Amino acid sequence: MQLVDTHVHLNFPDFQPDLAETIANWRAAGVVGLVHSCVEPSEFDGIRAIADLVPELRFAIGLHPLDAGQWVPEMAEQIAVLALSDSRVVAIGETGLDLFKADNVAQQQDAFRAQLAIARQQQLPVIIHCRDAAVEMAALVRDEWAQHGPVSGVMHCWSGTPEETQWFLDLGFYISFSGIVTFKNAHQVHESAQLVPGDRLLIETDCPFLSPVPKRGERRNQPAYVRYVAQRVAELRQQSVGAIAHQTSQNAATLFGLSLPIPDLAEPIGV
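An account of the accompanying structure is given in this report.

Turning next to the overall build of the protein. Per the secondary structure count, the protein includes nine helices and eight strands. Against the 2.2 N^0.38 benchmark of 18 Å for 271 residues, the protein shows a C-alpha radius of gyration of 17 Å, consistent with a compact globule. Counting only C-alpha atoms and orienting by the principal axes, one finds that the protein spans roughly 50 × 40 × 40 Å. When the 271 residues of the protein are sorted by exposure, 58% land in the buried category.

In structure tokens, the structure reads:
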């Protein structure tokens, strides 16, 4: 069984003491590909250094909405140049809107629109963070699409309602589920995981955050635990975990242009 974790933050201090062990753990768990998200451009060199050690790692460049207070127009050129500087850059982000922890809506929107433009120009997908902002996000994206045309991308760590999920499916996005989908009371996330078409479904850890059940008591999440996300999504969709692993890995390869050792199977993998 092969898995792709489409959202990790391995450059965070949580992984400095035992990164080699973390790598061994995910390889033993069948994780064959990872996409490393970026919180701010200053992280780029550190993320690239990890990718130099880990051939299965690809990465993004962007500015997180909670760091939008740093945004100046010159940062758009910085992100654009960095995105072109390494062929392992497969996305712009993470970017988006977060109205749960911040209220600087105008700054977040400016940063997000600029990063959408870069993604469009470079034909890269966007990794979108959307927390307590589905209405505002959908309106902004529809406006961008009307003015400039669409870009591809993923709603990462998705926790929206089924109605909100459908908005972003209609806009062409992939939907990625994290450890939240394993939580007992995450009922609307469970419903959304059942709603998403198979060819738009992705899984992630968002590590070091959001450890899934049965590892929820652990302070630090890690990529090896993406298998628990796959297992819960499989239960909700009444499919084998092998089928979910295969489908989500192929979807990740399609969206991010990954070359993975994934067989082209006529039938879903069983377990």
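As a further point, take unusual backbone geometry. The omega torsion across Cys207 and Pro208 is 15°, close enough to zero to call that bond cis. In this structure, Pro208 sits in the loop between β8 (201-203) and α8 (226-237). In the segment running from Val213 into Pro214, the intervening peptide bond is cis, with an omega of 15°. Here Pro214 lies in the loop between β8 and α8. Of note, the phi angle at Cys157 is positive, near 50°, even though the residue is not glycine. Looking at where Cys157 falls in the secondary structure, it is placed in the loop between β6 (153-155) and α6 (162-170). With a relative accessible area of 13%, Cys157 lands in the buried category.

With that settled, the discussion passes to helix α1 (residues 19-28). Regarding α1, the residues found buried are Leu19, Thr22, Ile23 and Trp26. On an axial view of α1, the arc spanned by its buried residues comes to 100°, and they lie on one face. Turned more than 90 degrees away from the buried face of α1 sit Ala20 and Ala28, all of them exposed. Backbone geometry just after α1 places Gly30 at a positive phi near 90°.

A separate point is the side chain of Arg237. Secondary-structure assignment places Arg237 in helix α8. It is Asp199 that comes nearest to the buried, bridge-free Arg237 among opposite-charge side chains, at 7.8 Å. In terms of polar contacts, Arg237 uses its side chain to reach the backbone carbonyl oxygen of Ala193, at 2.7 Å. Polar side-chain contacts of Arg237 include one of 3.1 Å to the side chain of Gln239. With residues up to four places along the chain from it excluded, the contact list for Arg237 reads Ala193, Gln194, Val196, Pro197, Gly198, Leu201 and Ile244.

Time to look at the sheet that holds strand β5 (residues 126-131). One key point about sheets: their strands pair by backbone hydrogen bonds, in either a parallel or an antiparallel sense. Sheet architecture is open: eight strands sit in the order β1-β2-β3-β4-β5-β6-β7-β8, paired in parallel fashion. Two strands in the sheet have a free side with no partner beyond their single neighbour: β1 (3-8) and β8. Across the sheet, the axes of successive neighbouring strands diverge by a mean angle of 30°, strand direction being ignored. For strand β7 (residues 174-177) and β8, the ladder comprises three bridges, and the chain directions are parallel. For Phe177, the partnering residue across the bridge sits in β8 and is Ile203. In the packing of α8 onto the sheet, the strands contacted are β1, β2 (31-36), β7 and β8, and the crossing angle to β8 comes to about 145°.

Turning our attention to the packing of helix α4 (residues 105-122) against helix α5 (residues 134-148). One way to put it is that α4 packs onto α5 with a least axis distance of 12 Å and a crossing angle of 40°. If you check the angle between α4 and α5, you find them oblique. The two elements α4 and α5 cross, and the hand of that crossing is right-handed. Note on element contacts: α5 touches α4 through Met137, Leu140, Val141, Asp143, Glu144, Trp145 and His148, opposite Gln109, Phe112, Arg113, Leu116 and Arg120. When the residues that make up the contact of α4 with α5 are grouped by side-chain class, the tally is six nonpolar, two polar and four charged.

Attention now moves to the pattern of salt bridges. Considering all chains together, one arrives at 11 salt bridges under this definition. A salt bridge links Asp86 to Arg88; the shortest N-O distance between them is 2.9 Å.

Now for the pairing of β2. Of all the six residues making up β2, five are buried; the element is thus mostly covered by neighbouring parts of the structure. As paired strands, β1 and β2 are joined by four bridges and run parallel to one another. If you follow Leu3 over to β2, its bridge partner there is Val31. In this view, the connection linking β1 to its parallel neighbour β2 by way of α1 has right-handed handedness. Taken together, the three bridges between β2 and strand β3 (residues 57-61) define a ladder with parallel strand orientation. Bridge pairing links Val35 to Arg58 in β3.

Thresholds, definitions, all that
Position labels on residues start from 1 in each chain and follow its written sequence. For a predicted model such as this one, the threshold for reporting local features is a pLDDT of at least 70, and the threshold for listing and counting side-chain atom pairs is 80 or more; totals across whole chains, interfaces and linings nevertheless cover every residue. Side-chain metrics rest on all non-hydrogen atoms present in the structure, leaving aside hydrogens and water. The helix and strand labels rest on DSSP assignments: H or I over at least four residues marks a helix, E over at least two residues marks a strand, and numbering proceeds from the N terminus. Computation of the radius of gyration draws on C-alpha atoms, with the globule rule given as 2.2 Å multiplied by the number of residues to the power 0.38. Exposed residues in this analysis have more than 50% of their type's maximum accessible area, buried residues have under 20%, and partly exposed residues fall in between, with area computed by a 1.4 Å probe over protein chains only. In this description, one arc is meant: the one made by directions from the helix axis to the C-beta atoms. In this charge count, Lys and Arg are treated as positive and Asp and Glu as negative; neither His nor the chain ends contribute. Whenever a carboxyl oxygen of Asp or Glu lies within 4 Å of a side-chain nitrogen of Lys or Arg, that contact is scored as a salt bridge. N or O atoms closer than or at 3.5 Å make up a polar contact, with two conditions inside protein: a donor-capable atom paired with an acceptor-capable one, and, for residues adjacent in sequence, both atoms drawn from side chains. In what follows, a contact means two residues having at least one pair of non-hydrogen atoms within 4.5 Å. Pairing between two strands is assigned when DSSP locates at least 2 bridges connecting them. Between N-to-C directions, angles cover 0 to 180 degrees, with each direction set by a line fitted to C-alpha atoms, over the stretch in contact for helices. We call two directions roughly parallel when the angle between them is under 35 degrees, roughly antiparallel when it is over 145, roughly perpendicular when it lies between 65 and 115, and oblique otherwise. Each crossing gets its handedness from the near helix: less than a right angle anticlockwise from the far helix is left-handed, clockwise is right-handed. Any residue that is not Ala, Val, Leu, Ile, Met, Phe, Trp, Tyr, Cys, Pro, Asp, Glu, Lys or Arg is counted as polar, Gly included; the first ten are nonpolar and the last four charged. By convention a crossover is right-handed if, when the strands point away from the viewer, the path from the first strand over the helix to the second runs clockwise.

Honestly, that's just the spatial picture; any functional story needs more than this.
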